Amino acid sequence: MEMNGLSKMAATAFLLVVAIVPAAIAVTYTVGDAQEWSSGVDYTDWVKGKTFRVGDILEFKYGSSHSVDVTTKAGYDNCDSSAATDNHSDGDTKIELKTVGTKYYICPTPGHCISGMKLAVTVVAASSGTPEAPTPPSSTPGTPSTPDSPPAAGTPPSTPDSPPATGTPATPTPPTSPPPPSAATKGVMSYILVGASMILGYGLWM
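What you see is a predicted model; the values in this text were computed from it and never measured.

Definitions and limits used
Residues numbered from 1 in each chain as written. Predicted model: local features only at pLDDT ≥ 70, side-chain atom pairs only at ≥ 80, totals over all residues. Heavy atoms only, no water. Phe/Tyr/Trp six-rings, centres within 6.5 Å; stacked < 30°, edge-to-face > 60°. Helix = DSSP H or I, 4+ residues; strand = E, 2+ residues; numbered from the N terminus. Buried < 20%, exposed > 50% of the residue type's maximum accessible area, 1.4 Å probe, protein only. Core = buried A, V, L, I, M, F, W, Y, C linked by side-chain atoms within 4.5 Å. Disulfide = S-S within 2.5 Å. pLDDT = per-residue confidence, 0-100. Contact = heavy atoms within 4.5 Å.

Attention shifts here to the packing of aromatic side chains. Each pair of aromatic rings is reported with the distance of its centres and the angle of its planes. A complete count under the given rule lists 6 aromatic pairs for this structure. Between Trp-37 and Phe-60, the aromatic rings sit 5.1 Å apart at their centres with planes inclined by 85 degrees, giving edge-to-face as the arrangement. On the criterion of sequence distance, the pair formed by Trp-37 in the loop between strand E1 (28-30) and helix H2 (43-46) and Phe-60 in strand E3 (residues 57-61) is long-range, its members being 23 residues apart. You can call Trp-37 buried: its relative accessible area is 1%.

Structure (structure tokens):
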């Protein structure tokens, strides 16, 4: 039961978001602003600087002597009310912009359209509301690399690299010391020294 209650709450919250977000994004434009939908207004100038998107609403406010015809480009250019695809005369007409393209409106009261009471708006796609992430610049082949920074003042130049191993003269091997005399050699030398001493002593006594 608890899970069912949570599911219903989640579904309700989702529906509220779906209902609220388009309303928050859409813009309602009062045609003519304070002058509303009436004679003597330059609606070509009124649309300048405005961006009309799918989902936005045009609100026409007007008196009993006016009405609103949704028409074609030909009907707009020629002020021809017979080309109207829809007509409104309730005094406060709200028309949602549902598709992209240029939309045309005129007042069919004789003489009003010719005097300038007509409107053309260009509708663009609705904004997603999420800005695109900037794409990081990619490295371009052939772009010169940044030169190395010069050495700091007083810094000695770097030691040159060691020469390659190929062709490098070998380090001379130091001469090997003669091996120490063995015990037998020492004995022979002792006998020689003793004999020489005896001969010298004998010679002195003679």
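With 21 residues, the main nonpolar core has Trp-37, Leu-58, Phe-60, Tyr-105 and Leu-119 as its most contacted residues. Mapped by element, the contributors of at least two residues to this core are H2, E3, strand E4 (68-71) and strand E8 (118-124). Ranked by residues supplied to this core, first place goes to E8 with 3 residues.

Let us look at the state of the cysteines. Under the counting rule described, the total for this entry stands at 1 disulfide. Through a disulfide, Cys-79 is tied to Cys-113; the S-S separation comes to 2.1 Å. Residues Cys-79 and Cys-113 are joined by a disulfide whose S-S torsion is about -75 degrees; by sign, that bridge is left-handed. One end of the pair, Cys-79, is in the loop between helix H3 (73-78) and strand E5 (86-88); the other, Cys-113, is in the loop between strand E7 (101-106) and E8, and 34 residues separate them in sequence. For Cys-113, a relative accessible area of 4% corresponds to the buried category. Distance from the sulfur of Cys-107, which forms no disulfide, to the nearest cysteine sulfur (Cys-113) is 8.2 Å. Classification of Cys-107 by relative accessible area gives buried; the value is 1%.

A few words on the confidence of the model for the protein. For the protein, per-residue confidence averages 75 on the pLDDT scale, and 50% of positions sit at 70 or higher. Here residues 17-24 scores under 50 on pLDDT; set against residues more than four positions off or in separate chains, the count is 1 contact.

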